[in-house]
Amino acid sequence: MDLNAYLLVWVCVFGLCFGSFYNVVILRSLSGESIVFPPSKCPKCNNKLHWWHNIPILSYIFLRGKCYFCKEPISIQYPIVEFITMVLFGFSFWKFGISYQTLFVIIWLSLLLIMTGTDLKENLVDCNLAITMGISGLLCSFLSGGWQGLTSSVLGLIVGVIIFETISRIGKLIAKTDVMGEADTYVAGAIGAAFGVYNLPIILLLGLFAYALIFVPVFLYDKYKAADYATLVTSILFIISIILCSTVLNNYYGIGLLFISAVLFIHCMFKGIDKKTQRRLPYVPAFSVGVLLFLIFFITQGLNIYDNSILSDTIQKLLHI
Ligand SMILES: [Zn+2]
């Protein structure tokens, strides 16, 4: 077995163990408990778990998804988070090899995974996790690109924060209530710091794309049930103009149509939020998917934070569709 394959196996095993730990972080950061001190126990019967109840994924299979003592079903969240963490660790090592960048990418993907977990579970995100990602992003950029890298990183942070603070404030003005969580701005800034100002727009667009794919069907169904036909009609108009713009109307008319329908749709959507017909849509999971898609499809070697070649390639490809 060659060295890289051997190390990859160990990185995956580490991923499984860390995944176990992230489960605890996701649960206890919401309940405010200490992450380290109380030993793991069943939330129902409070029995302390044996070491062999805590083996990532395997224990879930052996115990057939139930507590050993009281047979209370164990949340499927445990094996899922463990498995995803293993894949993320393995992917980072496979992509960046033996380098400090692997370590940083593992840290960022881990933080995004934990924030995604708490956002999906309770609509809550710990801003400190985003701040940690932002600071490590600045450090990694400086290590890989010197002052040029740090500049791109700082600009990415500022642009990320400005974009989301602006959307959030305009949304609040229209909806008369918070349309985003406070943490969304932090996370956008952290991604800007980690990947630099040139890569930020690509990641945000990929995130938006993922967001649309996952949430549009749910969203439309909610609107239909709530009889909010204005939002329903403008959202369908928006989707039609995206299709037109990417096919037959691939010109300034198409872009104009897209812009007008987007403004109408966003306006209706923000206005609809105070009707309490839906919970606030989680953005952090979409950001995280955006980061992952970016790493998979746009990074060939190295993180490339400080030059704009990926961005200009992407724009050229889009214009040639
Ligand atoms: Zn139990």
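None of these values were measured; they are calculated from a predicted model.

1. Considering the overall build of the chain
Line of reasoning, step 1. Counting its regular elements, the chain contains ten helices and zero strands.
Line of reasoning, step 2. Each helix (α) and strand (β) of the chain, taken in turn from the N terminus, gives the series α-α-α-α-α-α-α-α-α-α.
Line of reasoning, step 3. Expected size for 321 residues packed as a compact globule is a radius of gyration near 20 Å; at 22 Å, the chain falls within 12% of this value.
Line of reasoning, step 4. With the principal axes as the frame, the chain shows a C-alpha extent of 65 × 50 × 30 Å.
Line of reasoning, step 5. Evaluated residue by residue, the chain yields a buried proportion of 35% over its 321 residues.
Line of reasoning, step 6. Counting only contacts in the chain whose residues sit at least 6 apart along the sequence, the fraction spanning at least 24 positions is 71%.

2. Remarks on the nonpolar core
Line of reasoning, step 1. Counting residues in each nonpolar core, the largest one holds 64 residues, and the members touching the most others are Met115, Val187, Ile191 and Ile203.
Line of reasoning, step 2. For this core, the secondary structure elements donating two or more residues are α1 (3–31), α3 (77–96), α4 (100–122), α5 (127–175), α6 (182–225), α8 (252–273) and α9 (284–297).
Line of reasoning, step 3. Looking at which element gives the most residues to this core, the answer is α6, with 16 residues.
Line of reasoning, step 4. A domain-level breakdown of this core finds at least three residues from each of domain 1 (1–98) and domain 2 (114–226 + 278–321).
Line of reasoning, step 5. When neighbours within four sequence positions are excluded, Ile191 is seen to be in contact with Gly160, Leu200, Ile203, Phe287 and Val291.

3. Comments concerning the domain arrangement of the chain
Line of reasoning, step 1. By domain assignment, the chain separates into domain 1 (1–98) and domain 2 (114–226 + 278–321).
Line of reasoning, step 2. At the junction of the two partners, domain 1 supplies seven residues and domain 2 supplies nine residues.
Line of reasoning, step 3. For the side of domain 1 that touches domain 2, the secondary structure elements donating two or more residues are α1 and α3.
Line of reasoning, step 4. The dominant element in the side of domain 1 that touches domain 2, judged by the number of residues it contributes, is α1, at five residues.
Line of reasoning, step 5. Split into classes, the residues belonging to the side of domain 1 that touches domain 2 amount to five nonpolar, one polar and one charged.

4. A short note on unusual backbone geometry
Line of reasoning, step 1. Even without a glycine there, the phi angle at Asn46 is positive, about 65 degrees.
Line of reasoning, step 2. Counting through the fold element by element, Asn46 comes out in the loop between α1 and α2 (58–62).

5. Considering the environment of Pro282
Line of reasoning, step 1. Its place among the elements puts Pro282 in the loop between α8 and α9.
Line of reasoning, step 2. Assessed through the 22 C-beta atoms surrounding it within 10 Å, Pro282 is described here as buried.
Line of reasoning, step 3. When the C-alpha positions of Pro282 and Val9 are compared, they lie 33 Å apart, and in sequence the two are 273 residues distant.

6. Focus on the confidence of the model for the chain
Line of reasoning, step 1. The share of residues in the chain with pLDDT of 70 or more is 93%, and the mean pLDDT across the chain is 86.
Line of reasoning, step 2. Looking at the elements of the chain, mean pLDDT is at its lowest for helix α10 (residues 309–319), recorded as 77, and at its highest for α3, recorded as 95.

7. Digging into α3
Line of reasoning, step 1. Between its first and last C-alpha atoms α3 spans 28 Å; for 20 residues at 1.5 Å apiece the expected length is 28 Å, and the two agree.
Line of reasoning, step 2. Once α3 finishes, Gly97 follows within two positions and takes phi at roughly 65 degrees, a positive value.

8. Remarks on the packing of α4 against α5
Line of reasoning, step 1. Here α4 crosses α5 at 165 degrees, and the two axes come no closer than 10 Å. As summarised for this structure, α4 and α5 are arranged roughly antiparallel, according to the angle between their axes. In terms of crossing hand, the pair formed by α4 and α5 is left-handed. Taking contact as the criterion, the partners of Tyr100, Gln101, Phe104, Ile107, Trp108, Leu111, Ile114 and Met115 in α4 are, on α5, Leu129, Ala130, Thr132, Met133, Ser136, Cys140, Leu143 and Ser144.

9. What about the packing of α6 against α9?
Line of reasoning, step 1. At a minimum axis distance of 7 Å, the contact between α6 and α9 shows a crossing angle of 85 degrees. Of the possible angle classes, the one that applies to α6 and α9 is roughly perpendicular.

10. Quick notes on the environment of Thr234
Line of reasoning, step 1. Considering the arrangement of structural elements, one finds Thr234 in helix α7 (residues 229–246).
Line of reasoning, step 2. The class for Thr234 is buried, based on 20 C-beta atoms found within 10 Å.
Line of reasoning, step 3. Sequence-wise, Thr234 and His267 are 33 residues apart; in three dimensions their C-alpha atoms are separated by 9.4 Å.
Line of reasoning, step 4. Once residues within four sequence positions are removed from consideration, Thr234 is found in contact with Ser261, Leu264, Phe265 and Cys268.

Definitions and cut-offs
Residues numbered from 1 in each chain as written. Predicted model: local features only at pLDDT ≥ 70, side-chain atom pairs only at ≥ 80, totals over all residues. Helix = DSSP H or I, 4+ residues; strand = E, 2+ residues; numbered from the N terminus. Rg over C-alpha atoms; globule rule 2.2 N^0.38 Å. Buried ≥ 20, exposed ≤ 12 C-beta atoms within 10 Å, placed from the backbone. Contact = placed C-beta atoms within 7 Å. Core = buried A, V, L, I, M, F, W, Y, C linked by C-beta atoms within 7 Å. Domains from an automatic or database assignment. Nonpolar A, V, L, I, M, F, W, Y, C, P; charged D, E, K, R; others polar. pLDDT = per-residue confidence, 0-100. Expected span 1.5 Å × (residues − 1). Axes fitted to C-alpha atoms, helices over the stretch in contact; angles between N-to-C directions. Parallel < 35°, antiparallel > 145°, perpendicular 65-115°, else oblique. Left-handed = near helix turned anticlockwise from the far one by under 90°.

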